[in-house]
2 protein chains.
Amino acid sequence: MSDQNIKAIVFDVYGTLFDVHSVIKECERQFPERGQKISEIWRKKQLEYSFLRGLMGNYRPFWEITKDALTYACMVEDVELTETKEEKLLDAYLKLEPYKEVEGILSQLEGYQLAVFSNGSEEMLHPLIEHHHFQGYFNQLISVNGIKQFKPHPSSYLHALEQLGVEREEVLFLSSNTWDIAGAKTFGFQVAWVNRSGGIMDELGVTPDHVVSDLTELFD
Amino acid sequence: MSDQNIKAIVFDVYGTLFDVHSVIKECERQFPERGQKISEIWRKKQLEYSFLRGLMGNYRPFWEITKDALTYACMVEDVELTETKEEKLLDAYLKLEPYKEVEGILSQLEGYQLAVFSNGSEEMLHPLIEHHHFQGYFNQLISVNGIKQFKPHPSSYLHALEQLGVEREEVLFLSSNTWDIAGAKTFGFQVAWVNRSGGIMDELGVTPDHVVSDLTELFD
């Protein structure tokens with residue numbers, strides 16, 4: 001990564017800096033032998049509900065959607081989500097584990113404006129970043145909740161751009177989520193797809209500027 | 001179903017009148033032992049791409065999206081999609097099997113304006129309906145392609161309503177797809193969820209007016 005035009009480096013959060021499936025442990029504790037399945041449905045529905053509410057024009061903060069998706073996952077798996085269990089699982093979402101290279105990379109990115117830009121609403125985003133003492137690395141923590149339109153809608157990326165105060169081609173945006181890469185590139189950011197799971201780019205008519213397996217590969 | 005106010009009965013197509021997974025046979029023929037998996041990914045990505053393109057404001061007709069989704073499914077499953085194989089698989093999509101009760105029900109719904117309303121573009125919708133000689137049952141075949149915005153965006157349902165020429169509360173809309181039920185109900189149609197697979201309604205803040213396991217249950 002040696003593009004002289006980049007002024008701001010912007011990171012997606014869920015799946016990119018933090019492993020959403022680190023909740024499996026707590027899922028497994030609450031629902032033995034169902035942890036992985038519940039975690040998978042939880043994430044799948046969390047994304048799907050954000051896309052559908054975005055399309056329907058029926059916004060609800062991502063933290064509420066995260067609860068709705070957990071409720072659905074437990075109904076499908078036919079397990080009882082008591083208040084105590086819900087509290088423990090949601091709490092685990094506020095303490096997701098960062099990928100192992102993240103802090104080392106963040107600490108060496110001097111000279112750039114650094115930000116996160118997430119579908120996550122403030123009440124879930126801020127505790128997560130603060131739990132890991134990452135707030136010092138970022139100039140901005142940007143949530144789509146400020147515009148009430150989820151990624152990958154263009155207005156969400158416009159909201160981020162306005163918060164950053166740079167030109168759109170001066171932004172390097174990193175995400176592990178192919179739909180987020182498609183949205184950001186379509187909007188006009190430079191994009192790096194952090195392909196952590198060795199996946200295949202979705203057929204959305206977009207080619208990422210960079211494809212890396214983790215953050216180290218991009219910045220070393 | 002005895003609501004005196006209903007003037008138009010409108011059916012979703014894919015998954016509601018026709019079984020999208022009836023392509024498994026052709027998938028299996030082209031890719032032995034991978035048929036079911038490919039069919040599942042194909043449908044999953046077809047829906048996902050329509051939602052994402054809807055959100056990104058990057059419309060492409062559903063027939064093209066159906067091809068893109070098949071391309072992705074074959075890449076993920078690491079099988080070669082030759083031109084011949086693609087042609088055979090897409091042709092199977094134009095001849096999907098209707099659910100067994102569909103024709104019997106359509107033939108007895110006299111006195112109502114009947115229509116289909118689908119994300120499918122005309123070049124896939126018309127051949128499918130005509131292949132089964134169903135065109136005589138419907139007053140209208142409505143595609144979102146007329147407005148270039150996929151369900152569940154409200155403008156797509158508005159487009160259908162304008163084609164129907166009735167009031168929105170005079171429409172009974174039937175779909176097997178929970179996201180379609182959520183979109184149609186949010187827009188203001190009366191809705192019946194055809195829960196063919198014994199699933200659970202998604203947590204999208206919407207309760208269907210009717211829930212039935214097939215069309216017979218609603219109209220008998």
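Keep in mind that what you see is a predicted model, and the values were worked out from it rather than measured.

Asker: When you look at the side chain of His132(A) in this model, what are you seeing that I'm missing?
Answerer: On the secondary structure map, His132(A) appears in the loop between α6 (122–131) and β5 (140–143). With relative accessibility at 17%, the residue His132(A) sits in the buried group.

Asker: So what exactly am I meant to see when it comes to the nonpolar core here?
Answerer: Proteins that are soluble and globular tend to have nonpolar side chains buried together. Counting 160 residues, the largest nonpolar core has Phe11(A) and Phe11(B) as the members making the most contacts within it. The contact partners of Phe11(A), leaving out residues within four places of it in the chain, are Leu17(A), Leu106(A), Leu109(A), Leu114(A), Ala115(A), Val116(A), Phe117(A), Phe138(A), Phe173(A), Leu174(A), Leu215(A) and Phe219(A).

Asker: Hey, could you run me through the sheet that holds strand β7 (residues 190–194) of chain A in this one?
Answerer: Neighbouring strands of a sheet are bound in pairs by backbone hydrogen bonds; such pairs are parallel or else antiparallel. Residues and elements named next belong to chain A. In space, the six strands of this open sheet follow the order β5-β4-β1-β6-β7-β8, with parallel pairing throughout. With one partner strand each, in any of the chains shown, β5 and β8 (210–212) form the two edges of the open sheet. Strand-to-strand, the axes of this sheet are offset by a mean angle of 20°, without reference to chain direction. Here strand β1 (residues 8–11) pairs with strand β6 (residues 171–175) via four bridges, running parallel. Bridge pairing links Val10 to Phe173 in β6.

Asker: Got a minute to help me understand the interface of chain A and chain B in this structure?
Answerer: Note on interface size: it is often stated as the accessible area lost on association of the parts. Contacts between the two partners involve 30 residues from chain A, matched on the other side by 30 residues from chain B. In total, chain A and chain B occlude about 2,700 Å² of area from one another, counting both sides; carbon and sulfur atoms represent 69% of this. Contact with chain B buries area across many residues of chain A, yet Leu55(A), Met56(A) and Glu203(A) alone supply 29% of it, more than any other trio. Between Asp202(A) and Lys45(B) there is a salt bridge, and its shortest N-O distance comes to 2.9 Å. Counting the contacts that link chain A with chain B gives eight residue pairs in polar contact (both at pLDDT 80 or more).

Asker: I'm lost on the relation of the copies chain A and chain B in this one. Help?
Answerer: To go from the first copy of the chain to the second, apply a rotation about an axis and then a shift along the same axis. It takes a turn of 180° to lay chain A on chain B, together with a shift of 0.0 Å along the axis; the resulting RMSD is 0.0 Å. The superposition of one copy onto the other is thereby described by a two-fold rotation axis. Considering only C-alpha atoms, the residue of chain A closest to the rotation axis is Leu55(A), which sits at 3.0 Å. Of all interface residues in chain A, 100% are interface residues in chain B too; the two copies therefore contact each other through one and the same surface.

Asker: What should I look at first to understand the pattern of salt bridges in this one?
Answerer: Any two side chains of opposite charge can pair, on the condition that their charged atoms come close. Tallying each qualifying case throughout the model produces 30 salt bridges over all chains. Between Lys45(A) and Glu48(A) there is a salt bridge, with the nearest N and O atoms lying 3.2 Å from each other. Placement of the pair is Lys45(A) and Glu48(A) together in helix α2 (residues 35–56), with a separation of three residues, close to one helical turn. Glu48(A) sits in the buried class, given a relative accessible area of 17%. Among the salt bridges present, the one from Glu77(B) reaches Arg34(B), with a minimum N-O distance of 3.6 Å. Of the two residues, Glu77(B) is situated in the loop between α3 (62–76) and α4 (83–93) and Arg34(B) in the loop between α1 (24–30) and α2 (35–56); the sequence distance between them amounts to 43 residues. We classify Arg34(B) as partly exposed; its relative accessible area is 32%. By sharing partners, the salt bridges in this structure join Arg60(A), Glu64(A), Lys67(A) and Asp68(A) into a single network.

Asker: Which parts of the structure should I look at to understand the environment of Ser175(A)?
Answerer: Residues and elements named next belong to chain A. The residue Ser175 is located in strand β6 in this model. Through-space distance from the C-alpha of Ser175 to that of Pro32 is 31 Å; in sequence the pair is 143 residues apart. Excluding anything up to four places from it in sequence, Ser175 contacts Asp12, Thr16, Asp180, Ile181, Ala192, Trp193 and Val194. Reaching out from Ser175, the side chain makes a polar contact with the side chain of Asp12 at a distance of 3.4 Å.

Asker: Help me understand the domain arrangement of chain A, please; the structure alone is not making it clear to me.
Answerer: All names here are of chain A. Under the domain assignment, chain A is made up of domain 1 (8–17 + 99–219) and domain 2 (20–93). Of the roughly 1,300 Å² buried where domain 1 meets domain 2, counting both sides, 69% is carbon and sulfur surface. Ranking the residues of domain 1 by area buried against domain 2 places Tyr14, Met124 and Phe150 at the top, with a combined share of 43%. Here domain 1 is connected to domain 2 by four residue pairs in polar contact (both at pLDDT 80 or more). Ranked by residues supplied to the side of domain 1 that touches domain 2, first place goes to α6 with three residues. Tallied by class, the residues present in the side of domain 1 that touches domain 2 amount to seven nonpolar, seven polar and three charged.

Asker: Could you clarify how one ought to interpret the sheet that holds strand β8 (residues 210–212) of chain B in this entry?
Answerer: Residues and elements named next belong to chain B. Strand order in the open sheet formed by six strands is β5-β4-β1-β6-β7-β8, and the pairing between neighbours is parallel. The two strands at the open ends of the sheet, each matched to only one other strand, are β5 (140–143) and β8. Ignoring strand direction, the axes of neighbouring strands in this sheet form an average angle of 20°. Of the pairings in the sheet, the one linking strand β4 (residues 113–118) to β5 comprises four bridges and is parallel in character. From the neighbouring strand, Ser118 faces β5, where its bridge partner is Ser143. Against the sheet, helix α6 (residues 122–131) contacts β4 and β5, and its axis sits at roughly 150° relative to β5. Those strands touched by helix α8 (residues 178–187) are β6 (171–175) and β7 (190–194), and its axis lies near 170° from that of β7.

Asker: Explain unusual backbone geometry here, please?
Answerer: Excluding glycine, residues mostly carry a negative phi; peptide bonds, for their part, are mostly trans. Residue and element names in this part refer to chain A. Omega for the bond connecting Lys151 with Pro152 falls within 30 degrees of zero, at 5°, which places this linkage in the cis form. The phi dihedral of Asp78 is positive, around 60°, even though this residue is not glycine. Looking at the element boundaries, Asp78 is found in the loop between α3 (62–76) and α4 (83–93).

Asker: Hey, could you run me through the packing of aromatic side chains in this one?
Answerer: Describing an aromatic ring pair means giving the distance of the ring centres and the angle of the ring planes. By the definition in use, this model includes 34 aromatic pairs over all chains. Geometrically, the ring pair formed by Tyr49(A) and Tyr72(A) is edge-to-face, given 6.4 Å between the ring centres and 85° between the ring planes. Of this pair, Tyr49(A) sits in helix α2 while Tyr72(A) sits in helix α3, and the two are 23 residues apart along the sequence. Between the aromatic rings of Phe187(A) and Phe189(A), the centroid separation amounts to 5.2 Å while the plane-to-plane angle is 80°, which identifies the pairing as edge-to-face. Neither residue differs from the other here; Phe187(A) and Phe189(A) are each classed as buried. Grouped by ring-pair contacts, the aromatic residues Tyr14(A), Trp42(A), Tyr59(A), Phe62(A), Tyr93(A) and Phe150(A) constitute a single cluster. Cation over ring: Arg168(A) sits above Phe187(A), and NZ or CZ is 4.0 Å from the ring centre. For the cation-ring pair, Lys45(B) lies above Tyr72(B), with the distance from its terminal atom to the ring centre recorded as 4.6 Å.

Calculation rules
- Counting from 1, residues in each chain are numbered in the order their sequence is written.
- All chains are assigned letters beginning with A, and all ligands numbers beginning with 1, in the order in which they are written.
- Thresholds applied to this predicted model are a pLDDT of at least 70 for local features of residues and 80 or more for the giving and counting of side-chain atom pairs; totals over whole chains, interfaces and linings are not thresholded and use all residues.
- Only hydrogens and water are removed before side-chain values are computed, so all heavy atoms of the structure are retained for them.
- The way it works is that DSSP assigns letters per residue, a run of H or I at least four long becomes a helix, a run of E at least two long becomes a strand, and they are numbered from the N terminus.
- Exposure categories follow from relative accessible area, calculated using a 1.4 Å probe and restricted to protein chains: below 20% of the type maximum is buried, above 50% is exposed, and the middle band is partly exposed.
- Put simply, buried Ala, Val, Leu, Ile, Met, Phe, Trp, Tyr and Cys residues joined by side-chain atoms within 4.5 Å make one nonpolar core.
- Residue contacts are counted whenever heavy atoms from the two residues lie within 4.5 Å of one another.
- Note on pairing: DSSP must find at least two bridges between two strands before they are called paired.
- Lines fitted to the C-alpha atoms define the axes, with helices restricted to the stretch that makes contact. Angles between their N-to-C directions range from 0 to 180 degrees.
- Using a 1.4 Å probe, buried area is obtained as the accessible area two parts lose upon being combined, added over both of them.
- Should a side-chain nitrogen of Lys or Arg be within 4 Å of a carboxyl oxygen of Asp or Glu, the pair is scored as a salt bridge.
- Any N or O atom pair separated by 3.5 Å or less is treated as a polar contact, with the protein-specific requirement of one donor-capable and one acceptor-capable atom, and with residues adjacent in sequence counted only for side-chain atom pairs.
- What sets the superposition is a least-squares fit of C-alpha atoms, and only residues with pLDDT of at least 70 in both copies go into it.
- Note: domain ranges come from an automatic or database domain assignment.
- Classification used: nonpolar for Ala, Val, Leu, Ile, Met, Phe, Trp, Tyr, Cys and Pro, charged for Asp, Glu, Lys and Arg, polar for all others including Gly.
- Pairing of aromatic side chains requires ring centres within 6.5 Å, counting the rings of Phe and Tyr and the six-membered ring of Trp. Pairs whose planes differ by under 30 degrees are stacked, by over 60 edge-to-face, and all others tilted.
- Note on criteria: charge over ring means Lys NZ or Arg CZ within 6 Å of the ring centre, with the direction from the centre no more than 35 degrees off the ring normal.

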